[in-house]
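Listed below are the residues making up each chain.
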Amino acid sequence: MIPVIDAHLDLAWNALAFNRDITLPIDELRRREAHMTDGKWRGRCTTSLPELRRAGIKVCVATLLARSGPSQAQKASYGRTDLDFAAQSIAYATAHGQLAYYRLLEDQGHLRMLRTRADLDAHWAVHDRDDSPLGIILSMEGCDPITDANQAAAWWNDGLRAAGLTHYGRGHYGFGTGVAGPLSDRGVTLLQEFDRLGVALDVTHLADESMEQALDIFEGPVLASHHNCRSLVPGDRQLTDTQIQRLIERDAIIGAAMDGWMLYPGWKRGSTPRTVVGLESVCDHIDHVCQIAGSSRHSAIGSDLDGGFGSDQTPHDLETIVDLGKIAVILARRGFSQSDIELIMYGNWLRFFRQALPER
(Lines give C-alpha, C1' and ligand atoms only; values in the text may rest on other atoms or scores of the structure.)
Protein backbone atom coordinates (compact mmCIF):
# COMPACT_ATOMS: atom_id res chain seq x y z
CA MET A 1 0.00 0.00 0.00
CA ILE A 2 1.27 3.47 -0.91
CA PRO A 3 1.35 5.68 2.19
CA VAL A 4 -0.77 8.83 2.17
CA ILE A 5 -0.39 12.33 3.57
CA ASP A 6 -3.73 14.13 3.81
CA ALA A 7 -3.42 17.91 4.17
CA HIS A 8 -6.84 18.62 5.63
CA LEU A 9 -8.81 16.75 8.29
CA ASP A 10 -11.04 18.41 10.91
CA LEU A 11 -10.47 15.70 13.49
CA ALA A 12 -10.94 17.65 16.72
CA TRP A 13 -13.91 19.63 15.38
CA ASN A 14 -15.63 16.35 14.48
CA ALA A 15 -15.08 15.01 17.97
CA LEU A 16 -16.12 18.10 19.93
CA ALA A 17 -18.87 19.51 17.71
CA PHE A 18 -20.59 16.19 16.98
CA ASN A 19 -19.80 14.28 20.19
CA ARG A 20 -17.96 11.70 18.09
CA ASP A 21 -15.32 9.44 19.62
CA ILE A 22 -12.92 9.21 16.68
CA THR A 23 -10.83 6.54 18.43
CA LEU A 24 -13.59 4.02 17.58
CA PRO A 25 -13.88 1.93 14.40
CA ILE A 26 -15.97 3.52 11.66
CA ASP A 27 -18.69 0.86 11.83
CA GLU A 28 -19.20 1.54 15.52
CA LEU A 29 -19.38 5.30 14.95
CA ARG A 30 -21.99 4.83 12.23
CA ARG A 31 -24.02 2.53 14.44
CA ARG A 32 -23.99 5.07 17.28
CA GLU A 33 -25.08 7.91 14.99
CA ALA A 34 -27.64 6.03 12.87
CA HIS A 35 -30.59 7.41 14.86
CA MET A 36 -29.39 11.05 14.82
CA THR A 37 -31.26 13.59 12.71
CA ASP A 38 -29.17 16.77 13.06
CA GLY A 39 -27.48 16.30 9.66
CA LYS A 40 -27.62 14.10 6.58
CA TRP A 41 -24.07 12.96 7.36
CA ARG A 42 -25.07 11.32 10.64
CA GLY A 43 -24.49 7.61 10.46
CA ARG A 44 -22.36 8.16 7.35
CA CYS A 45 -19.03 9.39 8.71
CA THR A 46 -15.96 8.46 6.71
CA THR A 47 -13.06 9.03 9.11
CA SER A 48 -11.85 7.76 12.46
CA LEU A 49 -8.38 7.07 13.76
CA PRO A 50 -8.60 3.30 13.11
CA GLU A 51 -9.89 4.04 9.60
CA LEU A 52 -6.97 6.39 8.94
CA ARG A 53 -4.63 3.59 9.94
CA ARG A 54 -6.39 1.21 7.53
CA ALA A 55 -6.07 3.86 4.80
CA GLY A 56 -2.30 4.04 5.20
CA ILE A 57 -2.46 7.71 6.23
CA LYS A 58 0.77 8.32 8.10
CA VAL A 59 0.58 12.10 8.45
CA CYS A 60 -2.25 14.59 8.20
CA VAL A 61 -2.72 18.30 8.64
CA ALA A 62 -5.19 18.47 11.53
CA THR A 63 -7.19 21.63 12.09
CA LEU A 64 -8.43 23.98 14.73
CA LEU A 65 -11.76 25.45 13.56
CA ALA A 66 -13.94 28.13 15.14
CA ARG A 67 -15.47 31.24 13.55
CA SER A 68 -16.39 34.63 14.93
CA GLY A 69 -17.10 36.93 12.00
CA PRO A 70 -17.45 40.69 12.61
CA SER A 71 -20.97 41.15 11.21
CA GLN A 72 -24.39 39.72 11.96
CA ALA A 73 -24.99 39.58 8.21
CA GLN A 74 -22.39 36.85 7.99
CA LYS A 75 -24.09 34.99 10.84
CA ALA A 76 -27.41 35.12 8.97
CA SER A 77 -25.87 33.58 5.87
CA TYR A 78 -23.41 31.13 7.34
CA GLY A 79 -24.29 30.79 11.01
CA ARG A 80 -23.80 27.31 12.48
CA THR A 81 -24.12 26.48 16.14
CA ASP A 82 -21.13 24.12 15.83
CA LEU A 83 -18.88 26.79 14.27
CA ASP A 84 -19.99 30.37 14.87
CA PHE A 85 -19.40 32.27 18.09
CA ALA A 86 -20.41 35.73 19.27
CA ALA A 87 -16.90 36.89 20.18
CA GLN A 88 -13.34 36.08 19.28
CA SER A 89 -12.71 35.21 22.91
CA ILE A 90 -15.19 32.33 22.60
CA ALA A 91 -13.63 31.16 19.33
CA TYR A 92 -10.25 31.31 21.11
CA ALA A 93 -11.53 29.11 23.94
CA THR A 94 -13.19 26.68 21.52
CA ALA A 95 -9.99 26.26 19.51
CA HIS A 96 -8.07 25.66 22.73
CA GLY A 97 -10.56 22.93 23.58
CA GLN A 98 -9.76 21.29 20.24
CA LEU A 99 -6.04 21.67 20.95
CA ALA A 100 -6.54 20.03 24.35
CA TYR A 101 -8.21 17.09 22.59
CA TYR A 102 -5.19 16.60 20.32
CA ARG A 103 -2.88 16.80 23.31
CA LEU A 104 -4.84 14.14 25.15
CA LEU A 105 -4.85 11.87 22.10
CA GLU A 106 -1.09 12.34 21.94
CA ASP A 107 -0.72 11.44 25.61
CA GLN A 108 -2.80 8.32 24.97
CA GLY A 109 -0.55 7.27 22.08
CA HIS A 110 -3.08 7.77 19.27
CA LEU A 111 -1.15 10.50 17.51
CA ARG A 112 2.10 12.44 17.50
CA MET A 113 2.24 16.19 16.95
CA LEU A 114 4.96 17.08 14.45
CA ARG A 115 6.35 20.52 15.29
CA THR A 116 9.75 20.40 13.56
CA ARG A 117 11.52 18.89 10.57
CA ALA A 118 13.31 16.58 12.97
CA ASP A 119 9.93 15.39 14.32
CA LEU A 120 8.68 14.75 10.78
CA ASP A 121 11.81 12.89 9.73
CA ALA A 122 11.82 10.73 12.86
CA HIS A 123 8.13 9.93 12.40
CA TRP A 124 8.49 9.11 8.71
CA ALA A 125 11.47 6.85 9.41
CA VAL A 126 9.14 4.45 11.28
CA HIS A 127 5.86 5.27 9.49
CA ASP A 128 5.48 1.72 8.17
CA ARG A 129 5.40 0.18 11.65
CA ASP A 130 1.97 -1.13 12.62
CA ASP A 131 2.17 0.53 16.03
CA SER A 132 3.21 3.95 14.71
CA PRO A 133 0.68 6.65 15.72
CA LEU A 134 -0.79 9.15 13.30
CA GLY A 135 1.49 12.13 12.78
CA ILE A 136 -0.32 15.48 12.75
CA ILE A 137 0.77 18.95 11.69
CA LEU A 138 -1.39 21.55 13.40
CA SER A 139 -3.21 24.12 11.28
CA MET A 140 -5.93 26.71 11.88
CA GLU A 141 -8.81 26.97 9.37
CA GLY A 142 -9.80 30.61 9.73
CA CYS A 143 -7.83 32.70 12.21
CA ASP A 144 -10.66 34.19 14.26
CA PRO A 145 -9.40 32.25 17.34
CA ILE A 146 -6.25 34.41 17.23
CA THR A 147 -7.58 37.47 19.04
CA ASP A 148 -4.57 39.67 18.24
CA ALA A 149 -1.46 39.34 16.06
CA ASN A 150 0.70 39.51 19.18
CA GLN A 151 -0.99 36.30 20.32
CA ALA A 152 0.26 34.37 17.28
CA ALA A 153 3.54 33.57 19.03
CA ALA A 154 1.65 31.76 21.81
CA TRP A 155 -0.16 29.67 19.20
CA TRP A 156 3.19 28.91 17.55
CA ASN A 157 4.53 27.72 20.89
CA ASP A 158 1.43 25.49 21.16
CA GLY A 159 2.41 23.83 17.87
CA LEU A 160 0.59 25.84 15.18
CA ARG A 161 2.53 25.49 11.93
CA ALA A 162 0.04 26.50 9.20
CA ALA A 163 -3.03 28.72 9.03
CA GLY A 164 -5.68 30.00 6.65
CA LEU A 165 -6.86 33.52 7.43
CA THR A 166 -10.53 32.94 6.59
CA HIS A 167 -13.23 30.28 6.28
CA TYR A 168 -16.74 30.94 4.94
CA GLY A 169 -17.97 34.52 4.94
CA ARG A 170 -16.18 37.53 6.36
CA GLY A 171 -13.66 36.91 9.12
CA HIS A 172 -11.73 39.37 11.23
CA TYR A 173 -8.68 39.07 8.98
CA GLY A 174 -10.20 39.02 5.49
CA PHE A 175 -12.97 37.78 3.23
CA GLY A 176 -13.59 34.11 2.60
CA THR A 177 -15.75 31.74 0.58
CA GLY A 178 -19.08 33.20 -0.54
CA VAL A 179 -18.16 36.87 -0.16
CA ALA A 180 -15.72 39.27 -1.81
CA GLY A 181 -13.28 41.77 -0.40
CA PRO A 182 -9.71 42.48 0.72
CA LEU A 183 -7.72 41.63 3.79
CA SER A 184 -8.37 43.78 6.83
CA ASP A 185 -5.56 45.85 8.30
CA ARG A 186 -5.46 43.26 11.08
CA GLY A 187 -5.03 40.56 8.44
CA VAL A 188 -2.02 42.32 6.97
CA THR A 189 -0.46 42.61 10.42
CA LEU A 190 -1.13 38.94 11.18
CA LEU A 191 0.48 37.84 7.91
CA GLN A 192 3.58 39.83 8.79
CA GLU A 193 3.69 38.07 12.16
CA PHE A 194 3.26 34.67 10.47
CA ASP A 195 6.24 35.56 8.28
CA ARG A 196 8.31 36.36 11.35
CA LEU A 197 7.34 33.18 13.17
CA GLY A 198 7.47 30.78 10.22
CA VAL A 199 3.76 29.84 10.07
CA ALA A 200 2.89 28.59 6.56
CA LEU A 201 -0.01 30.35 4.83
CA ASP A 202 -2.90 28.19 3.64
CA VAL A 203 -4.75 30.18 0.95
CA THR A 204 -7.77 27.86 1.05
CA HIS A 205 -11.08 29.73 1.52
CA LEU A 206 -9.59 33.17 0.80
CA ALA A 207 -11.79 35.29 -1.47
CA ASP A 208 -10.05 36.21 -4.73
CA GLU A 209 -9.08 39.75 -3.70
CA SER A 210 -7.93 38.63 -0.26
CA MET A 211 -5.88 35.80 -1.79
CA GLU A 212 -4.17 38.08 -4.30
CA GLN A 213 -3.30 40.55 -1.57
CA ALA A 214 -2.06 37.81 0.78
CA LEU A 215 0.26 36.41 -1.89
CA ASP A 216 1.65 39.89 -2.49
CA ILE A 217 2.35 40.47 1.20
CA PHE A 218 3.35 37.06 2.56
CA GLU A 219 6.89 35.88 1.82
CA GLY A 220 6.90 32.49 3.57
CA PRO A 221 5.77 28.99 2.48
CA VAL A 222 2.33 28.78 0.86
CA LEU A 223 -0.06 25.86 0.44
CA ALA A 224 -3.61 25.29 -0.77
CA SER A 225 -4.56 22.42 1.52
CA HIS A 226 -7.95 21.49 0.02
CA HIS A 227 -8.79 23.15 -3.25
CA ASN A 228 -10.08 22.10 -6.67
CA CYS A 229 -10.09 23.81 -10.06
CA ARG A 230 -12.57 26.50 -11.12
CA SER A 231 -12.14 25.79 -14.83
CA LEU A 232 -13.55 22.28 -14.25
CA VAL A 233 -16.22 23.13 -11.67
CA PRO A 234 -17.18 26.81 -11.42
CA GLY A 235 -17.42 28.56 -8.07
CA ASP A 236 -15.49 31.03 -5.97
CA ARG A 237 -14.38 28.22 -3.65
CA GLN A 238 -12.23 26.85 -6.49
CA LEU A 239 -8.87 28.02 -7.82
CA THR A 240 -8.67 29.78 -11.17
CA ASP A 241 -5.94 28.69 -13.58
CA THR A 242 -4.21 32.02 -12.95
CA GLN A 243 -4.24 31.37 -9.20
CA ILE A 244 -2.92 27.84 -9.76
CA GLN A 245 -0.08 29.22 -11.86
CA ARG A 246 0.79 31.78 -9.22
CA LEU A 247 0.81 29.12 -6.52
CA ILE A 248 3.08 26.93 -8.63
CA GLU A 249 5.46 29.89 -8.99
CA ARG A 250 5.53 30.02 -5.16
CA ASP A 251 6.37 26.26 -5.08
CA ALA A 252 3.04 25.62 -3.34
CA ILE A 253 1.23 22.29 -3.17
CA ILE A 254 -2.48 22.01 -3.98
CA GLY A 255 -4.48 19.28 -2.24
CA ALA A 256 -7.51 17.83 -4.04
CA ALA A 257 -10.71 17.84 -1.96
CA MET A 258 -13.39 15.10 -1.94
CA ASP A 259 -16.52 17.21 -1.38
CA GLY A 260 -19.10 16.43 -4.08
CA TRP A 261 -20.14 20.01 -4.75
CA MET A 262 -16.51 20.85 -5.58
CA LEU A 263 -16.38 18.00 -8.10
CA TYR A 264 -19.67 18.21 -10.00
CA PRO A 265 -21.01 21.38 -11.67
CA GLY A 266 -24.42 22.39 -10.34
CA TRP A 267 -24.33 20.12 -7.28
CA LYS A 268 -27.11 21.01 -4.85
CA ARG A 269 -26.49 20.06 -1.24
CA GLY A 270 -29.08 17.68 0.09
CA SER A 271 -30.58 16.76 -3.28
CA THR A 272 -27.89 15.83 -5.84
CA PRO A 273 -27.21 12.08 -5.57
CA ARG A 274 -23.60 11.09 -5.06
CA THR A 275 -23.94 8.64 -7.96
CA VAL A 276 -23.27 11.50 -10.40
CA VAL A 277 -19.57 11.79 -9.51
CA GLY A 278 -16.68 9.44 -8.79
CA LEU A 279 -13.02 9.53 -7.89
CA GLU A 280 -12.25 9.88 -11.60
CA SER A 281 -13.40 13.48 -11.18
CA VAL A 282 -10.94 13.99 -8.31
CA CYS A 283 -8.22 12.76 -10.64
CA ASP A 284 -9.39 15.24 -13.29
CA HIS A 285 -8.58 18.06 -10.86
CA ILE A 286 -5.26 16.51 -9.89
CA ASP A 287 -4.34 16.09 -13.54
CA HIS A 288 -5.40 19.66 -14.38
CA VAL A 289 -2.93 21.05 -11.84
CA CYS A 290 -0.25 18.72 -13.24
CA GLN A 291 -0.92 19.98 -16.77
CA ILE A 292 -0.58 23.61 -15.71
CA ALA A 293 2.58 22.84 -13.75
CA GLY A 294 4.09 20.63 -16.43
CA SER A 295 4.88 18.06 -13.74
CA SER A 296 3.38 16.17 -10.80
CA ARG A 297 5.28 18.21 -8.19
CA HIS A 298 2.38 20.43 -7.11
CA SER A 299 -0.63 18.08 -6.83
CA ALA A 300 -1.59 16.17 -3.70
CA ILE A 301 -4.44 15.12 -1.41
CA GLY A 302 -6.36 17.37 0.98
CA SER A 303 -9.50 15.31 1.36
CA ASP A 304 -11.56 17.40 3.83
CA LEU A 305 -13.47 14.19 4.56
CA ASP A 306 -16.06 14.66 7.31
CA GLY A 307 -15.62 18.40 6.94
CA GLY A 308 -19.31 18.90 7.73
CA PHE A 309 -20.43 16.10 5.42
CA GLY A 310 -20.22 12.34 5.19
CA SER A 311 -20.59 9.71 2.50
CA ASP A 312 -23.81 11.47 1.47
CA GLN A 313 -21.60 14.06 -0.24
CA THR A 314 -18.54 12.11 -1.41
CA PRO A 315 -17.84 10.48 -4.78
CA HIS A 316 -19.91 7.32 -5.16
CA ASP A 317 -16.80 5.12 -4.97
CA LEU A 318 -15.53 6.68 -1.74
CA GLU A 319 -17.30 5.14 1.23
CA THR A 320 -14.60 5.80 3.83
CA ILE A 321 -11.19 7.41 3.83
CA VAL A 322 -9.68 4.02 3.01
CA ASP A 323 -10.90 4.55 -0.55
CA LEU A 324 -8.39 7.35 -1.11
CA GLY A 325 -6.10 4.52 -2.19
CA LYS A 326 -8.19 4.13 -5.34
CA ILE A 327 -6.78 7.43 -6.59
CA ALA A 328 -3.39 5.77 -7.10
CA VAL A 329 -5.02 3.04 -9.19
CA ILE A 330 -6.87 5.57 -11.36
CA LEU A 331 -3.74 7.64 -11.90
CA ALA A 332 -1.80 4.54 -12.91
CA ARG A 333 -4.52 3.67 -15.41
CA ARG A 334 -4.16 7.17 -16.85
CA GLY A 335 -0.46 6.65 -17.43
CA PHE A 336 1.07 8.34 -14.40
CA SER A 337 4.39 6.78 -13.42
CA GLN A 338 4.88 5.14 -10.04
CA SER A 339 7.18 7.96 -8.94
CA ASP A 340 4.61 10.60 -9.94
CA ILE A 341 1.85 8.73 -8.09
CA GLU A 342 4.00 8.59 -4.97
CA LEU A 343 4.58 12.35 -5.21
CA ILE A 344 0.82 12.97 -5.35
CA MET A 345 -0.10 10.53 -2.59
CA TYR A 346 2.55 11.66 -0.10
CA GLY A 347 5.83 12.88 -1.58
CA ASN A 348 4.89 16.46 -2.39
CA TRP A 349 3.52 17.15 1.08
CA LEU A 350 6.54 15.45 2.64
CA ARG A 351 8.87 17.70 0.67
CA PHE A 352 6.81 20.81 1.43
CA PHE A 353 6.71 20.33 5.19
CA ARG A 354 10.36 19.29 5.38
CA GLN A 355 11.06 22.74 3.97
CA ALA A 356 8.34 24.66 5.84
CA LEU A 357 8.79 23.30 9.38
CA PRO A 358 11.54 24.68 11.63
CA GLU A 359 14.58 22.46 11.74
CA ARG A 360 14.32 21.76 15.49
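In the block above lies the structure referred to throughout.
Residues numbered from 1 in each chain as written. Predicted model: local features only at pLDDT ≥ 70, side-chain atom pairs only at ≥ 80, totals over all residues. Heavy atoms only, no water.

A.B. asks: Any details on the packing of aromatic side chains? Residues and values, ideally.
C.D. replies: In total, this model carries seven aromatic pairs according to the counting rule given. Ring pairs connect the aromatic residues Trp13, Phe18 and Trp41, which therefore count as one cluster. When the ring centre of tryptophan 156 is taken as reference, the NZ or CZ atom of arginine 161 above it lies at 3.6 Å. (Phe/Tyr/Trp six-rings, centres within 6.5 Å; stacked < 30°, edge-to-face > 60°. Lys NZ or Arg CZ within 6 Å of the ring centre and 35° of its normal.)

A.B. asks: How would you sum up the pattern of salt bridges? Please name residues and give values.
C.D. replies: Taken as a whole and judged by the stated rule, the model has 20 salt bridges. Across the pair aspartate 84 and arginine 67 runs a salt bridge whose closest N-O atoms are separated by 2.9 Å. One end of the pair, aspartate 84, is in the loop between helix H4 (72-78) and helix H5 (88-107); the other, arginine 67, is in the loop between strand S2 (57-64) and H4, and 17 residues separate them in sequence. For the pair aspartate 84 and arginine 67, a shared accessibility class is recorded, and that class is buried. A salt bridge links glutamate 193 to arginine 196; the nearest nitrogen and oxygen atoms lie 2.7 Å apart. Linking glutamate 193 with arginine 196, this pair stays in helix H8 (residues 185-197), spanning three residues, or about one helical turn. By relative accessible area, glutamate 193 is classed as buried at 15%. In this structure arginine 196 comes out as exposed when scored by relative accessible area, which is 57%. Within the structure, one salt-bridge network assembled from shared partners comprises Arg20, Glu33, Asp38, Arg42 and Asp306. (Salt bridge = Lys/Arg side-chain N within 4 Å of Asp/Glu carboxyl O. Helix = DSSP H or I, 4+ residues; strand = E, 2+ residues; numbered from the N terminus. Buried < 20%, exposed > 50% of the residue type's maximum accessible area, 1.4 Å probe, protein only.)

A.B. asks: Hey, could you go over the pairing of strand S1 (residues 4-9) for me, with residue numbers and the actual values?
C.D. replies: Here S1 lies mainly inside the structure; six of its six residues are buried. Pairing analysis gives four bridges linking S1 to S2, with the strands arranged parallel. Residue pairing for S2: valine 4 is matched across the bridge by isoleucine 57. (Pairing = 2+ DSSP bridges.)

A.B. asks: So, the pairing of strand S5 (residues 160-164): which residues are in play, and what are the values?
C.D. replies: Of all the five residues making up S5, five are buried; the element is thus mostly covered by neighbouring parts of the structure. Handedness of the β-α-β unit built from strand S4 (residues 134-141), helix H7 (residues 152-157) and S5 comes out right-handed. Strand direction decides the pairing type here: S5 and strand S6 (residues 200-202), joined by two bridges, are parallel. Following the sheet pairing, alanine 163 is matched in S6 by leucine 201. (Right-handed = clockwise from strand over helix to strand, strands pointing away.)

A.B. asks: Go over the nonpolar core with me, naming the residues and quoting the values.
C.D. replies: The biggest cluster of nonpolar side chains holds 104 residues, and the ones touching the most others in it are Tyr102, Leu165, Phe194 and Ile327. Other than its neighbours up to four places away in sequence, tyrosine 102 contacts Leu9, Leu11, Ala12, Ala62, Thr63, Leu64, Leu111, Met113, Ile136 and Leu138. The next biggest cluster of nonpolar side chains, apart from the first, holds five residues, and it includes Trp13, Phe18, Trp41 and Leu83. (Core = buried A, V, L, I, M, F, W, Y, C linked by side-chain atoms within 4.5 Å. Contact = heavy atoms within 4.5 Å.)

A.B. asks: Please set out the packing of H8 against helix H9 (residues 208-217) residue by residue, giving values where relevant.
C.D. replies: For the pair H8 and H9, the least separation of the axes is 10 Å and the interaxial angle reads 40°. It follows that H8 is oblique to H9 by the angle criterion. Of the two elements, H8 crosses H9, and the hand of that crossing is right-handed. Contacts between H8 and H9 pair Val188, Leu191 and Asp195 from the former with Gln213, Ala214 and Ile217 from the latter. (Axes fitted to C-alpha atoms, helices over the stretch in contact; angles between N-to-C directions. Parallel < 35°, antiparallel > 145°, perpendicular 65-115°, else oblique. Left-handed = near helix turned anticlockwise from the far one by under 90°.)

A.B. asks: Tell me about the side chain of histidine 298, and name the residues and values.
C.D. replies: Take histidine 298: it is sitting in the loop between helix H11 (279-293) and strand S9 (299-301). Setting aside anything within four residues of it in sequence, one finds histidine 298 in contact with Ile248, Asp251, Ala252, Ile253, Ile254, Val289, Ala293 and Asn348.

A.B. asks: Summarise the state of the cysteines; cite the residues concerned and give the values.
C.D. replies: A full pass over the atoms with the stated rule returns zero disulfides. Take cysteine 60: it sits in no disulfide, and the sulfur closest to it among the cysteines is that of cysteine 45, at 16 Å. Distance from the sulfur of cysteine 283, which forms no disulfide, to the nearest cysteine sulfur (cysteine 290) is 9.9 Å. Owing to a relative accessible area of 0%, cysteine 283 belongs among the buried residues under this scheme. (Disulfide = S-S within 2.5 Å.)

A.B. asks: A description of the side chain of arginine 161 should follow, citing residues and the corresponding values.
C.D. replies: Looking at the element boundaries, arginine 161 is found in strand S5. Within polar-contact distance, the side chain of arginine 161 engages the backbone oxygen of tryptophan 156 at 2.8 Å. Other than its neighbours up to four places away in sequence, arginine 161 contacts Arg115, Ile137, Leu138, Trp156, Gly198, Val199, Ala200, Leu357 and Pro358. (Polar contact = N/O pair within 3.5 Å; in protein donor to acceptor, adjacent residues only side chain to side chain.)

A.B. asks: How would you sum up the environment of valine 126? Please name residues and give values.
C.D. replies: Note that valine 126 resides in the loop between helix H6 (117-125) and S4. With 68 residues separating them along the chain, valine 126 and lysine 58 place their C-alpha atoms 9.7 Å apart.

A.B. asks: Kindly report on unusual backbone geometry, identifying the contributing residues and their values.
C.D. replies: The phi torsion at asparagine 19 lies on the positive side, around 55°, for a residue other than glycine. Under the relative-accessibility criterion, asparagine 19 is labelled exposed at 70%. Positive phi is not limited to glycine here, since aspartate 306 has a value of about 60°. Structurally, the position occupied by aspartate 306 is in the loop between S9 and helix H12 (326-333). Owing to a relative accessible area of 1%, aspartate 306 belongs among the buried residues under this scheme.

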